[in-house]
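Results of the structural survey
So you can see what is in the structure, the chains are spelled out below.
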Amino acid sequence: MAIRPFLAMTAAEIQGTETLPPKTACMACHFSPYSTGLSNLPKALPPGSMVILDDITPIHGHDSETIAAQLRPRLDALKCSGVLLDFQRPGYEEAELLAGRLSEALPCPVGVSALYGRGLTCPVFLPPVPPDVNLADYLAPWQGREIWLELALDGETITLTPAGATTAPLPPAAQLLGGHRDEKLHCHYQIHTDADSARFTLFRTPEDLDELLVEGEALGVTRAIGLYQELHGIPPFLTCLLYTSPSPRDCS
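The following refers to the structure shown.

What counts and what doesn't
- Residues numbered from 1 in each chain as written.
- Predicted model: local features only at pLDDT ≥ 70, side-chain atom pairs only at ≥ 80, totals over all residues.
- Heavy atoms only, no water.
- Salt bridge = Lys/Arg side-chain N within 4 Å of Asp/Glu carboxyl O.
- Helix = DSSP H or I, 4+ residues; strand = E, 2+ residues; numbered from the N terminus.
- Buried < 20%, exposed > 50% of the residue type's maximum accessible area, 1.4 Å probe, protein only.
- Phe/Tyr/Trp six-rings, centres within 6.5 Å; stacked < 30°, edge-to-face > 60°.
- Lys NZ or Arg CZ within 6 Å of the ring centre and 35° of its normal.

Let us now look at the pattern of salt bridges. As a working rule, side chains carrying opposite charge can pair if their charged atoms are close by. Counted under the stated rule, the structure contains 3 salt bridges. A salt bridge links Glu65 to Arg101; the nearest nitrogen and oxygen atoms lie 2.9 Å apart. Remark: Arg101 occurs in helix H3 (residues 93-105) and Glu65 occurs in helix H2 (residues 64-78); sequence separation between them is 36 residues. A salt bridge links Glu183 to Arg181; the nearest nitrogen and oxygen atoms lie 3.8 Å apart. By relative accessible area, which is 55% here, Glu183 ends up exposed.

Looking now at the packing of aromatic side chains. Enumeration according to the criterion identifies 2 aromatic pairs in this entry. Centroid distance Phe31 to Phe87: 5.7 Å. Interplanar angle 40°. Geometry classified as tilted. Of this pair, Phe31 sits in strand S3 (residues 24-31) while Phe87 is found in the loop between strand S6 (82-86) and H3, placing the two residues 56 residues apart along the sequence. Judged by its relative accessible area of 0%, Phe87 is buried. For the pair Phe87 and Tyr116, a centre-to-centre distance of 6.3 Å together with 80° between the ring planes defines the contact as edge-to-face. Of this pair, Phe87 sits in the loop between S6 and H3 while Tyr116 sits in helix H4 (residues 114-117); the two residues are 29 residues apart in sequence, bridging distant segments of the chain. A cation over an aromatic ring shows up here: Arg118 above the ring of Trp142, its NZ or CZ 4.3 Å from the ring centre.

Take it as geometry only, folks, not as evidence of what the structure does.
Below you can see the structure in the form of structure tokens.
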């Protein structure tokens, strides 16, 4: 595997896991509902881990200087290798300004979601590559930038009828097996037909994700982040990823 992914874990998952992935990302950090700073900053993580700040609690009147002052000593003390600003609520000028400020103020690389990363020069965090999209085409708008890529086993179904084509998401829980392999799209697909329709089911296996990352590294992808709850129990994708770091047992 070209890139060893970070596995994103909640505080409860970190506390409840005896040994952690060698690349752990802590998802417990949010905008505080009671102050202008952050809540749930991790107190202990394996060296080299990543801290993820999301906007599940919307940003509102939070202060960039306060947040930077909170993060800097904690990142240094934990020897973190990066911060991901996973902002997914559109249209927040405060989030845009904070992303720019933190990308310059913190002592480690800062990745920013594509929603707020276009005007910056820091790494950009992209959603999972749809299984029907060529990786090079997907990354093309961001060439020249360092890219952090989200990994997921999501798929999709494309149904063709005389009225046209419709698509629907396929959750990771489907975990389909078999089918045909598309080497260019790094996915598998199955075809089901009846009298008046054809359904194409596209999905990715762990091996497909591995190959996706090998190509991605040549196209500017430097980090990958996936959910621990989705990926941690799936061989052989994680045989080289898991259980080399003792759990610090405390992420909040």
